[in-house]
Amino acid sequence: MSEAISPGLENVNIKYTELTYIDGINGIMRYRGYDVNELAARSSFEEVSYLMLFGKLPNYDQLNEFKNHVLSNMVLPDYVLSTMKSLPKKSDALAIMQTAFSALSSNENNYQWNKENDKKTSMAILGQALSIVANTYRIKEGLDTVTPEAHGSYAESFLNACFGESDKEKVRAMDAALILYMDHEIPASTTAALVTASTLSDMYSSITSAITALRGPLHGGAAESAFKQFLEIKTPDNVDSWFQKNIIEPRKRLVGFGHRVYRTFDPRLKTFKEYARSLARTQEQKNLLEIATKLENLGVKNFGGKGIYTNTDFYSGLVFNELGFPLYMFTSLFGLSRISGILAHIIEYVETQERLIRPRAIYNGPGSMEYIEIEKR
Ligand code: ACO
């Protein structure tokens, strides 16, 4: 029986895509043909989002129009902000984000999927997402909620909405993180969005589905868990003994290592590592970086032979921390980055391959049973 199903849908292809190319053997990743690290170094979140949603890199006019459209949509309706604020203070940051998108979906009645609506709604969602994630941080920190102001870029507007300030290097790093995490083919969250979109439900509901899936520890939470390891180790001198006691002896997994697709270093790692180094300004940040570097060397030495190498989450948490974000925000930052990719995938699916996603399950329960009245059971 078991050979007739594919547990975890492993090796099941459910769509064609022109969006993200991954070569897990050689460690290559491209968006519509462009190398992700080159985009992270030379482009911006809004430019790459345009590439994903519209199919090509924009010229100046197209980029400005796109950016203006996105950034003019950062105003959240009062009922969304008050819903977010009404949640318990200890709520998971991603749960606040999913609730906000679910609240926004209440406005959607009989959404008409077509090229024009889809692109317009996507731009609105990108602006609203910025505001939702920034205000999630502010609510959890006990700060007043804000309507973000449009600054030079999406990344700059976001950092300013969170912290009331930003500097050039942090904006560059935020922009790079937003680009690097933007898409990764169809992991669980994007697949959840595709299932919802395939019913021709609306885009807000599709995004809500994606965030609910992202919330699970098997998917979105690895950057947070990797960073927790560094905190637990405390000092670079403890790395060897921690590794021996917590990974080697109990035969446990080092978080931030290994990947279903990559058998070499995750290509996105290169840029995250560079920013983790250049942004480490305080003694504590330098200490964490040294711990991470030592731990990575041990991981590669012990697991590299099996094709288990560092993945992107090993260093992204260091960057998020250096940008000023607390641990609880790491997965929401990943979620914010991923929204353009999810939108591009659901539009690609509905526009070109529209078909209800409805797999089958093989029944292996009892045969015909006779109903017995409750008194007689
Ligand atoms: N540390 C040590 N050993 C590992 C690790 C790791 N992080 N990952 C896999 N291995 C070992 C396994 O123990 C297994 O060894 P064995 O063959 O001797 O039993 C072998 O490598 C293959 O493991 P699988 O479970 O088959 O690998 P799979 O592709 O299913 O797992 C996964 C991928 C889930 C990411 C895994 O590597 C893991 O658990 N990593 C730690 C968590 C993590 O970093 N998650 C982030 C993923 S990346 C992302 O989401 C952006």
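Conventions adopted
- Residues numbered from 1 in each chain as written.
- Predicted model: local features only at pLDDT ≥ 70, side-chain atom pairs only at ≥ 80, totals over all residues.
- Heavy atoms only, no water.
- Helix = DSSP H or I, 4+ residues; strand = E, 2+ residues; numbered from the N terminus.
- Rg over C-alpha atoms; globule rule 2.2 N^0.38 Å.
- Buried < 20%, exposed > 50% of the residue type's maximum accessible area, 1.4 Å probe, protein only.
- Contact = heavy atoms within 4.5 Å.
- Areas by Shrake-Rupley, 256 points an atom, 1.4 Å probe, with all protein chains shown as cover.
- Lys, Arg positive; Asp, Glu negative; His and termini not counted.
- Charge placed at Lys NZ, Arg CZ, Asp CG, Glu CD.
- Axes fitted to C-alpha atoms, helices over the stretch in contact; angles between N-to-C directions.
- Left-handed = near helix turned anticlockwise from the far one by under 90°.
- Nonpolar A, V, L, I, M, F, W, Y, C, P; charged D, E, K, R; others polar.
- 1 Å grid on protein atoms, 1.4 Å probe; cavity = no way out; pocket = protein on both sides within 12 Å on 5 of 7 lines; lining within 4 Å.
- Points joined across faces, edges and corners; volume = space filled by probe spheres on them.
- Domains from an automatic or database assignment.
- Phe/Tyr/Trp six-rings, centres within 6.5 Å; stacked < 30°, edge-to-face > 60°.
- Pairing = 2+ DSSP bridges.
- Arc of directions from axis to C-beta.

Student: Hey, could you run me through the overall build of the protein in this one?
Tutor: Counting its secondary structure elements, the protein contains 16 helices and 3 strands. Taking 2.2 N^0.38 as the reference for a compact globule, 377 residues should give roughly 21 Å; the C-alpha atoms of the protein span a radius of gyration of 22 Å, in line with that estimate. By its C-alpha atoms, the protein is 65 × 55 × 45 Å across when sized along the principal axes. Among the 377 residues that make up the protein, the fraction classed as buried is 51%. The contacts of the protein with a sequence gap of at least 6 include a subset with a gap of at least 24, amounting to 78%. Total accessible area on the protein is roughly 18600 Å²; 49% of this is exposed by carbon and sulfur atoms. Averaged over its 41 positive side-chain charges, the protein has a centre that lies 5 Å from the centre of its 44 negative ones.

Student: Hey, could you run me through the packing of helix H4 (residues 78-86) against helix H6 (residues 115-140) in this one?
Tutor: For any two helices packed against each other, one specifies the crossing angle of their axes together with the interaxial distance. Where H4 contacts H6, the two axes come as close as 10 Å, and the packing angle between them is 35°. Along this stretch, H4 crosses H6, giving a crossing that reads as right-handed. Contacts between H4 and H6 involve Leu81, Met84 and Lys85 from the former and Ile132, Asn135, Thr136 and Ile139 from the latter. Taken together, the residues of the contact of H4 with H6 break down into 4 nonpolar, 2 polar and 1 charged.

Student: Just to check I follow, could you spell out the environment of Ala177 for this structure?
Tutor: With respect to the element layout, Ala177 can be found in helix H8 (residues 168-180). It is 7.4 Å that separates the C-alpha atoms of Ala177 and Ser337, two residues lying 160 residues apart in sequence. The contacts of Ala177, once residues within four sequence positions are left out, are Phe272, Phe320 and Ser337.

Student: What exactly am I supposed to notice about the layout of surface pockets here?
Tutor: Where empty space is left becomes clear once a probe the size of a water molecule has been rolled over the atoms. Size it by volume and the largest pocket reaches roughly 2100 Å³. A per-class count over the lining of the largest pocket returns 20 nonpolar, 13 polar and 13 charged. In terms of domain composition, the lining of the largest pocket takes at least three residues from each of domain 1 (20-216 + 329-352) and domain 2 (222-322). Taken as a whole, the second largest pocket encloses approximately 250 Å³ of empty space. Lining the second largest pocket are 14 residues, with Glu18, Arg32, Glu348, Glu351 and Thr352 positioned closest to its centre. Each residue belonging to the lining of the second largest pocket can be placed in one class, and the counts come to 5 nonpolar, 3 polar and 6 charged.

Student: Any chance you could explain the packing of aromatic side chains here in plain terms?
Tutor: Given two aromatic rings, one states the distance between the centres and the angle between the planes to describe the pair. In the structure shown here, the tally under the stated rule is 21 aromatic pairs. Aromatic pair Tyr137 and Phe325: ring centres 5.9 Å apart, planes at 75°, arrangement edge-to-face. A residue pair is termed long-range when its members are at least 10 positions apart, and Tyr137 in helix H6 and Phe325 in the loop between helix H15 (313-323) and helix H16 (330-353) qualify at 188 residues. Phe325 shares its class with Tyr137; the two are buried. Aromatic ring contacts, followed pair by pair, group Tyr181, Phe227, Phe230, Phe257, Phe272, Phe314, Tyr315, Phe320, Phe330 and Phe334 into a single cluster.

Student: Teacher, can you tell me more about the pairing of strand E1 (residues 20-23) here?
Tutor: In regular strands, side chains alternate between the two faces of the sheet. Here E1 pairs with strand E2 (residues 28-31) via 4 bridges, running antiparallel. Bridged to Ile22 within E2 is Met29. Taking the residues that link successive antiparallel strands as the turn, the E1-E2 hairpin has 4 residues, and the phi of Gly27 there is positive, at about 65°.

Student: What is the right way to look at H4 in this model?
Tutor: Think of an α-helix as turning once every 3.6 residues; residues three or four places apart then point the same way. The complete set of buried residues in H4 reads Val80, Leu81 and Met84. The buried residues of H4 all sit within an arc of 95° when viewed along its axis, so they share a single face. Facing away from the buried surface of H4 by more than 90 degrees, the exposed residues are Asp78 and Ser86. Those residues of H4 that are buried are in contact with helix H5 (93-105) and H6.

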